[in-house]
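# Inside the fold
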Amino acid sequence: MLRKLYRVFYRKIVGNLDPLKYARKIGVNMNGKVFLTGGVLWGTEPWIITLGDNVHISDGVRFLTHDGGARLFRNRVPDLEITKPIVIGNNVFVGNCVIFLPGVSIGNQVVIGAGAVVTHDVPDGVVVAGVPAKVIESYDEYFAKLQDKSIHLGHLLGEEKDIAMRKYYNYTNDTKGIYF
């Protein structure tokens, strides 16, 4: 019981304060630079998850490496188990609250929209979104759209970016935003 409480505490505290350290500790395979926010749920078999280089994973993402529904049939087949690895390629952005189902592979240069449920493999060079996730455009089309819509403040960080954005949008309130 005490060990279980420690694991919950460790996941909540370290998993949110230093999500990379936590992911490495539980066995997630990382093949390059990975950028994580807190709140990623790695499932019960994190050692069969592989992340490529330049992978950005947002808050609330869930990796489901097994099909828990198999438990319903263990009275018929006691050793029934569906557990499969999840592989994420290079140069991948994963939006908030995406769910990966067991066995999916994500190609290189992929953007996965917030809230998507990834049920099948995703090829290289696309943007997917929806439930279930479907290709909505190419990676290059997405990049062209971003360039057209950019407010050109991406080179700034933290409070400096916040101040520039408030100026850009003519926001006159005296708030410090998240930097109070």
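Let me sum up the structure you'll find in this document. (Residues numbered from 1 in each chain as written. Predicted model: local features only at pLDDT ≥ 70, side-chain atom pairs only at ≥ 80, totals over all residues. Heavy atoms only, no water.)

By the bridge criterion, four bridges tie strand S12 (residues 126–129) to strand S13 (residues 134–138) in an arrangement that is antiparallel. Each residue of the ladder has a partner; that of valine 128, found in S13, is valine 135. Once S12 ends, the chain turns through four residues before running back antiparallel as S13, passing glycine 130 with a positive phi of about 105°. (Pairing = 2+ DSSP bridges. Helix = DSSP H or I, 4+ residues; strand = E, 2+ residues; numbered from the N terminus.)

Here the focus is the pattern of salt bridges. Applying the stated criterion across every chain, the model contains three salt bridges. Among the ionic pairs, aspartate 162 bridges to arginine 166, the shortest N-O distance being 2.9 Å. With aspartate 162 and arginine 166 both in helix H4 (residues 158–168) and four residues apart, the pair spans about one turn of that helix. (Salt bridge = Lys/Arg side-chain N within 4 Å of Asp/Glu carboxyl O.)

Trp42, Leu51, Ile57, Phe63, Phe100, Ile106 and Ile112 are the most contacted members of the largest nonpolar core, which totals 29 residues. The set of elements that each furnish at least two residues to this core consists of helix H2 (19–25), strand S2 (34–36), strand S3 (49–51), strand S4 (55–57), strand S6 (86–88), strand S7 (92–94), strand S10 (110–112) and S12. Ignoring anything within four residues of it in the chain, the contact list for tryptophan 42 reads Tyr22, Ala23, Ile26, Val28, Leu36, Ile49, Leu51, Ile57 and Phe63. (Core = buried A, V, L, I, M, F, W, Y, C linked by side-chain atoms within 4.5 Å. Buried < 20%, exposed > 50% of the residue type's maximum accessible area, 1.4 Å probe, protein only. Contact = heavy atoms within 4.5 Å.)

A few words now on unusual backbone geometry. Cis peptide bonds are those with omega within 30 degrees of zero, and the linkage from valine 131 to proline 132 qualifies with -10°. With respect to the secondary-structure elements, proline 132 resides in the loop between S12 and S13. A positive phi angle is found at glutamine 109, which is not glycine, with a value near 55°. Its location among the elements puts glutamine 109 in the loop between strand S9 (105–106) and S10. The phi angle at histidine 152 is positive, at roughly 55°, despite the residue not being glycine. Topologically, histidine 152 is positioned in the loop between helix H3 (139–149) and H4.

Here we take up the sheet that holds S7. The strand order S2-S4-S7-S10-S12-S13 describes an open sheet built from six strands, whose pairing is mixed. Edge positions in the sheet fall to S2 and S13, since each has one partner strand and no second. Within this sheet the neighbouring strands show an average axis-to-axis angle of 15°, counted without direction. Two elements, S7 and S10, share three bridges in a ladder whose sense is parallel. When the bridges of S10 are listed, valine 92 appears paired with valine 110. Contacts from H3 reach S10, S12 and S13 within the one sheet, and its direction differs from that of S13 by about 60°. (Axes fitted to C-alpha atoms, helices over the stretch in contact; angles between N-to-C directions.)

Before going further, it helps to examine the packing of aromatic side chains. A full pass over the atoms with the stated rule returns three aromatic pairs. Between phenylalanine 63 and phenylalanine 100, the ring centres sit 4.9 Å apart and the planes meet at 20°, which makes this aromatic pair stacked. A residue pair is termed long-range when its members are at least 10 positions apart, and phenylalanine 63 in strand S5 (residues 62–63) and phenylalanine 100 in strand S8 (residues 99–100) qualify at 37 residues. For the pair phenylalanine 63 and phenylalanine 100, one class covers both residues: buried. On the numbers, 4.9 Å between centres and 85° between planes, the contact of tyrosine 168 with tyrosine 169 is edge-to-face. Residue tyrosine 169 is classed as exposed on the basis of its relative accessible area of 53%. (Phe/Tyr/Trp six-rings, centres within 6.5 Å; stacked < 30°, edge-to-face > 60°.)

Structurally, serine 58 can be placed in the loop between S4 and S5. A distance of 2.9 Å separates a polar side-chain atom of serine 58 from the backbone oxygen of valine 94. The contact partners of serine 58, leaving out residues within four places of it in the chain, are Thr37, Val40, Phe93, Val94, Gly95 and Asn96. (Polar contact = N/O pair within 3.5 Å; in protein donor to acceptor, adjacent residues only side chain to side chain.)

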